[in-house]
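Descriptive analysis of the structure
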Amino acid sequence: MPILETKQLIKTFGGLTAVNGFEIYLNKGELIGLIGPNGAGKTTAFNMLTGVYQPTSGEINFLDASIVGQYPYEITQKGIARTFQNIRLFKDLSVIDNVKIAYHQNVSYSVLDSILQTKKYRQEEKKITEKALEFLKIFKLDHKSQEYAKNLPYGEQRRLEIARALATKPKLVLLDEPAAGMNPQETQELLGLIKWIREYFDLTILLIEHDMSLVMNVCERIYVLDYGKIIAHGTPQEIKSNPRVIEAYLGEEVPVC
Ligand SMILES: Nc1ncnc2c1ncn2[C@@H]1O[C@H](COP(=O)(O)OP(=O)(O)OP(=O)(O)O)[C@@H](O)[C@H]1O
């Protein structure tokens, strides 16, 4: 039984059909790639899976229940987390506060507790700080916990964004071009990190990526989107040699390994 399944998802913006009949399934524990030329509809698909956009029509089932019509925060609570193509951190907050914010969706103290700084509030805040620090340690960012997020080098900001997404305790993580803007060494490290977090946090991962070597090296199956439609689906080997994929990439040599 797939953890996530979509049926005939469509998203139109005025006269433009950005996503047209998007059907994918993700089994628990899989690491799946979503690739396609610029403007193919990849981010729009992510936005529908996370409640940022409501589909024009179609179904999205997560853990056997429909999530269509739910708000992004409800979908996060159900266990889907994401990162963004353009890093979205609270840049003027410290590194640790960026992670603590992700924990705050599960606090049990009230606004009044926090205003009055009650014992309950203080105890829970202490626990959250400890947990956030543990998390930063895993991502080798603990020594920068008090640094402003905006002062981190690019690769570390990407790591922090992934750390923050994982602090919401997701079952499924959607990574939107995590290697964008990274140099080859950072990309290589990221590849190791993605493989590792999948095992360590028992995750299912859906990855949008333009870096073909990353996708081909790390993903078990790949979906290819072109003009809003899935034109191919298969293992990296199958995708590499698929004529429709080669055509969509305008004769570019598709994958590089
Ligand atoms: N909010 C919006 N309003 C109008 N059109 C939109 C909106 N969001 C996306 N689009 C259009 O939908 C199409 C798909 O865009 P999308 O960003 O999903 O593609 P993509 O595959 O993620 O591209 P890229 O790889 O460049 O990020 C594009 O033509 C884009 O201009």
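Since we're looking at a predicted model, the values are computed, not measured. (Residues numbered from 1 in each chain as written. Predicted model: local features only at pLDDT ≥ 70, side-chain atom pairs only at ≥ 80, totals over all residues. Heavy atoms only, no water.)

This paragraph deals with the overall build of the protein. Tallying secondary structure elements over the protein gives 10 helices and 11 strands in all. Seen through its C-alpha atoms, the protein measures out along the principal axes to roughly 65 × 40 × 35 Å. Looking at the protein as a whole, 50% of its 257 residues are labelled buried. Taking the contacts inside the protein whose residues are at least 6 apart along the sequence as the reference set, 66% of them involve residues at least 24 apart. When the accessible area of the protein is evaluated, it comes to approximately 12600 Å², of which 52% is carbon and sulfur surface. Charge separation in the protein, taken as the distance between the mean sites of 30 positive and 31 negative side-chain charges, equals 6 Å. (Helix = DSSP H or I, 4+ residues; strand = E, 2+ residues; numbered from the N terminus. Buried < 20%, exposed > 50% of the residue type's maximum accessible area, 1.4 Å probe, protein only. Contact = heavy atoms within 4.5 Å. Areas by Shrake-Rupley, 256 points an atom, 1.4 Å probe, with all protein chains shown as cover. Lys, Arg positive; Asp, Glu negative; His and termini not counted. Charge placed at Lys NZ, Arg CZ, Asp CG, Glu CD.)

This paragraph deals with the sheet that holds strand 10 (residues 221-226). Across the sheet, which stays open at both edges, the 6 strands sit in the order 7-8-9-4-10-11 with mixed pairing between neighbours. Each having just a single partner strand, strand 7 (80-82) and strand 11 (229-234) make up the two edges of the open sheet. Taking the axes of each pair of neighbouring strands and ignoring which way they run, one obtains an average angle of 20° across the sheet. In this sheet, strand 10 lies alongside strand 4 (residues 31-35) in parallel orientation, the contact comprising 4 bridges. The residue of strand 10 that forms the bridge with Leu34 is Tyr223. Against the sheet, helix 7 (residues 184-200) engages strand 4, strand 8 (172-176) and strand 9 (204-208), with an angle of about 155° to strand 9. (Pairing = 2+ DSSP bridges. Axes fitted to C-alpha atoms, helices over the stretch in contact; angles between N-to-C directions.)

Here the focus is the pairing of strand 10. Of all the 6 residues making up strand 10, 6 are buried; the element is thus mostly covered by neighbouring parts of the structure. Going residue by residue along strand 10, you find Arg221, Tyr223 and Leu225 tucked away on one face and Ile222, Val224 and Asp226 tucked away on the opposite face as well. Relative to strand 11, strand 10 runs antiparallel, the two being bridged by 5 bridges. Bridge assignment links Ile222 to a residue of strand 11, and that residue is Gly234.

It is worth spelling out the side chain of Thr187 at this point. As for its position among the elements, Thr187 is in helix 7. With residues up to four places along the chain from it excluded, the contact list for Thr187 reads Ala179, Met182, Asp211 and Leu214.

For the rest of this paragraph, the subject is the pattern of salt bridges. This structure, assessed with the given rule, holds 11 salt bridges. The salt bridge partner of Asp92 is Lys150, with a shortest N-O separation of 2.6 Å. Separated by 58 residues along the polypeptide, Asp92 in the loop between strand 7 and helix 3 (95-103) and Lys150 in the loop between helix 5 (119-138) and helix 6 (154-166) bring together distant segments of the chain. Judged by relative accessible area, which is 53%, Asp92 ranks as exposed. The salt bridge involving Glu156 is made with Lys144; its shortest N-O contact spans 2.8 Å. (Salt bridge = Lys/Arg side-chain N within 4 Å of Asp/Glu carboxyl O.)

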